[in-house]
Every structure is written in structure tokens, then in C-alpha cells.
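Examining the three-dimensional arrangement
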Amino acid sequence: MVVPKEFSRKISVLSFISSILVVLIHANTEFEYKISDSWGGGIIDFLSCNLALFAVPFFFLVSGFFFGNSGNYVETVKKRFWSVLVPYLLWNTIYVLYLSFIDTFVIHLNTSADLSLGSFIDGVLLGKRNLVSWFLRSLIAYTILTPVLLVLLKKFTMRIEIV
């Protein structure tokens, strides 16, 4: 499906605004204790704890819109493999190795750090050590589950029409 230029521009503007809001969500903890008593702190708190909550669902919505309107599930999954899964696995691998190194050699020479293959797989595939990757992990799960969800949706829709 070809997206009209005006619609694409609106999505780009909303994506830019949402990106700033996501930064505010993550930056809130830094400002919370320093300026929480000032009027500026109230504005930042409102933006990052209330208004910014729109940002992440917006990114899921846009991702689902473009995924659902692509027309070819297999081609879309191939694109998502390179644009989502590969960076997810790469950065989680780097992060888990970095944390293992820091935990073992830098912080306290922890010789009992869990460096097992199971712990490594949990950290890389499930993102248990890199909590900020939850969005990509969820996006990957929904991409894999899309055919199942579509079948269930069609069956559920048919039941509503019968009733």
C-alpha cells in the first residue's frame, strides 16, 4: 500500500514528538529529585509522567499499521528480521557481555557471577538483563504472533456476524 504524502508527513511529525516524549520518560528520574519543588519540575513531571504515556503506544500503533498494510506477510517478516531482530540480538549480546565483564572484573571481582550459557541466552533472547529492549522484544513477539492473531480475529468476527 502506498501511503499518501500528507499522511506520511503527519506520521513523521508525530514520530518526532513521540521520540522526544520517550526521552522525557527516561530523563524524568534524573530531574525528579533536583527540581521537583519548582514550577519547572511540575511541568517536566506532567510531560514525562502523563503526556509522554502517549508515545510508546503510538509507536506500536504505527508499527502495526505499516505491518498490516504491507500486503505481504513473508516479505514484511524478512524486513523485520533485519531491522528489528538482528539489532535486538546484536545489542543484547554486547550489553550482556559488557555487564558480565563489569560484574566480574570491574565492580567487585565477583567470581560467582552467572556466566552460564543459560544466563547468556536469557539475557540475549529474553532481554532479562537489558530491560530497555522490552519494546523490541514485544514487537518481535507480535510479529511472530500476527498470523495466529489474524486467524483468531477472523473467527471471532465471524461469530459476531452470526449472532
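In case you missed it, the structure is sitting above this.
A brief look at the structure comes next. (Residues numbered from 1 in each chain as written. Predicted model: local features only at pLDDT ≥ 70, side-chain atom pairs only at ≥ 80, totals over all residues. Heavy atoms only, no water.)

**Overview of the overall build of the chain**
Heads up, the condition is: Segments assigned H or I by DSSP are reported as helices when at least four residues long, segments assigned E as strands when at least two residues long, and all are numbered from the N terminus. Only protein chains enter the calculation, and the probe is 1.4 Å; a residue is then buried if its accessible area is under 20% of its type maximum, exposed if over 50%, and partly exposed in between. We call two residues in contact when some of their heavy atoms are within 4.5 Å. The Shrake-Rupley method, run with a 1.4 Å probe sphere, supplies the accessible areas, and residue values consider only the shown protein chains as cover.
Each helix and strand counted, the chain has six helices and zero strands in total. Listing each helix as α and each strand as β along the chain from the N terminus yields α-α-α-α-α-α. The burial tally for the chain puts 21% of its 163 residues in the buried class. For the chain, restricting intrachain contacts to residue pairs at least 6 apart in sequence, the fraction spanning at least 24 positions comes to 71%. A total of about 11900 Å² of accessible surface is found on the chain, and carbon and sulfur atoms cover 72% of it.

**Some words on the packing of aromatic side chains**
Our working rule: Aromatic pairs are defined between Phe, Tyr and Trp rings, using the six-membered ring for Trp, whenever the two ring centres lie within 6.5 Å; interplanar angles under 30 degrees are classed as stacked, those over 60 as edge-to-face, and all others as tilted.
The full count for this structure, using the stated rule, is seven aromatic pairs. Arranged with centres 4.9 Å apart and planes meeting at 90 degrees, the rings of Phe81 and Trp82 form a pair that is edge-to-face. Exposure remark for Trp82: the relative accessible area of 61% places this residue in the exposed category. Here Trp134 and Phe135 contribute two aromatic rings whose centre-to-centre distance is 6.0 Å and whose plane-to-plane angle is 85 degrees, an arrangement assigned as edge-to-face. Three or more aromatic residues joined by ring pairs form one cluster here, namely Phe60, Trp134, Phe135 and Tyr142.

**Examining the side chain of Thr143**
So the rule is basically this: Polar contact criterion, stated in full: a pair of N or O atoms within 3.5 Å, where within protein one must be able to donate a hydrogen and the other to accept it, and residues adjacent in sequence count only if both atoms are side-chain atoms.
Along the chain, Thr143 falls in helix H6 (residues 134-162). Its relative accessible area of 7% is what places Thr143 among the buried residues. Of the polar contacts made by the side chain of Thr143, one reaches the side chain of Arg80; its length is 3.0 Å. The contact partners of Thr143, leaving out residues within four places of it in the chain, are Phe67, Tyr73, Val77 and Arg80.

**A short note on a nonpolar patch on the surface**
Operational definition: Grouping into patches uses exposed residues only, defined as over 30% relative accessible area, and leaves out salt-bridged ones; the cut-off is 9 Å for like charges and 5 Å for nonpolar side chains (Val, Leu, Ile, Met, Phe, Trp, Tyr). Counted as salt bridges are all cases of a side-chain nitrogen of Lys or Arg within 4 Å of a carboxyl oxygen of Asp or Glu.
Side chains of Val13, Leu14, Phe16, Ile17, Ile20 and Phe54 sit close together on the surface and give an oily, nonpolar patch of about 520 Å² of accessible area. Here Ile17 lies in helix H1 (residues 5-35). Using a relative accessible area of 39% as the deciding quantity, one classes Ile17 as partly exposed.

**Details of the pattern of salt bridges**
Where charged atoms from two side chains of opposite charge come close, those side chains can pair. Applying the stated criterion across every chain, the model contains two salt bridges. Measuring nitrogen to oxygen at the nearest pair gives 2.9 Å for the salt bridge that ties Arg9 to Glu6. Of this pair, Arg9 and Glu6 are both found in helix H1, three residues apart, which corresponds to roughly one turn of the helix. For Arg9, a relative accessible area of 47% puts it in the partly exposed group.

**A few points about the environment of Thr76**
For Thr76, the location among the structural elements is in helix H4 (residues 73-107). Look at Thr76 and you get buried, because its relative accessible area is 11%. With ten residues separating them in the primary sequence, Thr76 and Phe66 have C-alpha atoms 9.3 Å apart.

**Here we look at helix H5 (residues 117-125)**
Because each turn of an α-helix spans 3.6 residues, side chains separated by three or four positions end up pointing in the same direction. This is how it is decided: The directions from the helix axis to the C-beta atoms form the arc being described.
Listed in full, the buried residues belonging to H5 are Ser119, Gly123 and Val124. An end-on view of H5 places all buried positions within 125 degrees of arc, on one side of the element. The positive-phi residue at the C-terminal boundary of H5 is Gly127, with phi of around 65 degrees.

Purely geometric numbers; function is a separate question.
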